[in-house]
Amino acid sequence: MAKGNVSVQRLKERFPQAVLDVGGFRGETTVTIHARDLVSVCQFLRDDPELAYNLCLFVSAVDQRDLGLSPRFVGVYQLYSLQHGQRLRLKVPLSGEPPVVDSVSTVWPAADWHEREAYDLFGIQYRGHPELRRIMLPTDWVGHPLRKDYPLGGEPVQFTVNEDEPALAHLGEQTMAAPPHESYVPPWFSGRDDTMIVNMGPQHPATHGVLRVVVELDGERIVNAAPDIGHLHSGFEKTAEHRTYQQFATYPSRMDYVAGMSNDLGYILAVEKLVQAKVPPRADIIRVIILELQRLAAHLIWIGTQTLDLSGTIHALLQYAFRERERILDIFEMVCGARITTSYFTTGGLRWDVPPAFEKTVADFVEDFDKRLDEYEVMLTRNPVYRSRLEGIAVINAEQAIALGCTGPVLRGCGVAYDMRKAVPYCGYEHYEFEIPTQTAGDAYARYKVRVAEMRQSTRIIRQGLQKLVEIGPGPVKDPDRKLTLPPREELETSMEAVIHHFKLVTEGFSPPPGEVYASVENPKGELGYYLVSDGGPRPYRCKIRGPSFSNISAIRTMAPGSMFSDVVTMIGSIDITLGEVDR
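An account of the accompanying structure is given in this report. Because the structure is a prediction, the values reported are computed rather than measured.

## So, the sheet that holds strand β9 (residues 212-218)
Thought 1: Spatially, three strands are ordered β8-β9-β10 in an open sheet, and the strand pairing comes out antiparallel. Among the strands making up the open sheet, the edge pair consists of β8 (196-200) and β10 (221-228). The sheet shows a mean angle of 20° between the axes of neighbouring strands, direction not considered.
Thought 2: Bridge count between β9 and β10: seven bridges; the pairing is antiparallel. From the neighbouring strand, Glu216 faces β10, where its bridge partner is Asn224.

Set out below in structure tokens:
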């Protein structure tokens, strides 16, 4: 709180009339300011050298209707200072219908897409926004789904080809109108009559089937490019409001299904922060080992698919990468019975301990993996064909990456050593020795080198974790508080109290105290964060998911101009996105 108090003190000195309230909860500082002073306050927070909040993690909102608070909507701005390693949350009460507030996209360009999302899902108008339109939902969608009065279900389903199919008759008339003949073109495109505008994706294999990139071309040279997302929007945040904290724990791995364990833990950490769970040391060590295995599995998907996308160069590498990934998934299956959507982490620790064969199996794998990674580098690192598709392509510098809210290898490939495992350690990462790989070129090849180096650091961390497991020996892997974690199955046979706790947890869940928290992890793609608001009940009142790919993919707008059309494939691959996490 000490550094947070410095921020508050500086704000009160500079804007004595703007600060409406200062709150603290679970070590986090929240400052509520007047809407009329928002832009000035944000500029001050970014530019003051003692504060330097230069990374805007997300912009969102909370509908306070069911909290009985006025005004109904409040804007939320989660900020981070790379220089000082400090977080700060701003809240802005928003009046009117629709609620209106000034855009901060001129302060932090990252806010551009986040404000569009808040407009789309809450109906908040951002005055001065350069392109305020829907980003997740179709342009003709009616209503704003994250408002508390927006009902669950009833969304129209498109059946334009098979609407007369008898098997679908029970669905009723749910045919949506076909899209207009001319697609939307961003207003910031050049408007020249000598350029051509084409759609790359979502049918293109390199766009993962659910990403469309609108590209303006002058011959083969890109003039402008605009990613169009939302095709896979699944309403995760709305769903969270209607599930208990325990029930929603099974959902995050279904967003970035390439890194399910990492997605699960981010949410679990936020819940543990709310309820102040006590995680046993053995559980933390196992979490770290599994998280690093998951990082390896995700990077293996990236290196195999990106290499295949680049005109099939070294196409056999995909098979080798999947060979190693299968061994990791075998370990996950050994631990929890699942390979992709695992749900192994639980509030307060792990669902159960790892089996006896876990340590040797993991040790054997990392021993082999280092040798395999050497082979990958022989195939790629000095390969002139591979390097010609990466070097000097998809370039972005550190200032641009920070402004756009990029994290993970995209940001570290620009020379910024920002990694949540070091910046805000969790699960005891502060007790492990490892480095944060960086490169300074900011191109696709730099991001390749960062990820390869990260894989070597992951095996280094795993080895330390295995040694720590030997040193700590057997022990509990769950918080002993029976109001938070299910009792062991054997207790149910002898203890009526255990049966009651089990019944209450399964049917009702637990109820954290009222408050709000933000917790994040270093997902293989960058900072994955969860902002939870508790009203004291068994369900999250608000769950905002800060996905790294959402901000990272927006960087295509900066990377693309001046590049060749074929380089769009390199951009998408080097950013490494999973659209389930982008669209949520």
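There is more to say, and it comes next.
## Details of the pairing of strand β5 (residues 86-94)
Thought 1: A large share of β5 lies buried, amounting to eight of its nine residues.
Thought 2: With three bridges joining them, strand β2 (residues 28-33) and β5 adopt parallel strand pairing. Paired with Val31 across the strands is Leu90, a residue of β5.
Thought 3: In the sheet, strand β4 (residues 73-81) pairs with β5 via nine bridges, with the strands oriented antiparallel. By the bridge assignment, Tyr80 is partnered in β5 with Arg87.

## A look at a nonpolar patch on the surface
Thought 1: A surface patch of nonpolar side chains, amounting to about 280 Å² of accessible area, comprises Met496, Val499 and Ile500.
Thought 2: The topology assignment puts Met496 in helix α15 (residues 496-507).
Thought 3: For Met496, a relative accessible area of 59% puts it in the exposed group.

## A look at the environment of Arg339
Thought 1: Summarising the element assignment, Arg339 is placed in the loop between α8 (317-336) and β11 (345-346).
Thought 2: On the basis of relative accessible area, Arg339 is assigned to the partly exposed category, the value being 24%.
Thought 3: Expressed as a C-alpha distance, the spacing of Arg339 and Ile328, which sit 11 residues apart in the sequence, is 8.7 Å.
Thought 4: Apart from the residues lying within four places of it in its own chain, the contact partners of Arg339 are Glu326, Leu329, Asp330, Phe332 and Glu333.

What counts, and where the lines are drawn
All residue numbers refer to positions counted from 1 along the written sequence of the respective chain. Owing to the predicted nature of the model, reporting of local features is limited to residues with pLDDT of at least 70; listing and counting of side-chain atom pairs is limited to 80 or more, with chain, interface and lining totals taken over all residues. For the side-chain quantities, the full set of heavy atoms in the structure was used; hydrogens and water were omitted. Following DSSP output, two strands are said to pair if at least two bridges run between them. Think of it this way: any DSSP run of H or I at least four residues long counts as a helix, any run of E at least two long counts as a strand, and we number them from the N terminus. Here the axes come from fitting lines to C-alpha atoms, over the contacting stretch only for helices, and the angles between their N-to-C directions go from 0 to 180 degrees. Whether a residue is buried, partly exposed or exposed follows from its accessible area with a 1.4 Å probe, protein chains only, as a fraction of its type maximum: under 20%, in between, or over 50%, in that order. Exposure above 30% relative accessible area and the lack of any salt bridge qualify a residue for a patch; like charges then connect within 9 Å, and the nonpolar side chains Val, Leu, Ile, Met, Phe, Trp and Tyr within 5 Å. Under the convention used here, a 1.4 Å probe and the Shrake-Rupley method define accessible areas, while residue burial counts only the protein chains that appear. What counts as a salt bridge is simple: a side-chain nitrogen of Lys or Arg found within 4 Å of a carboxyl oxygen of Asp or Glu. Contacts are assigned to residue pairs with any non-hydrogen atoms lying within 4.5 Å of each other.

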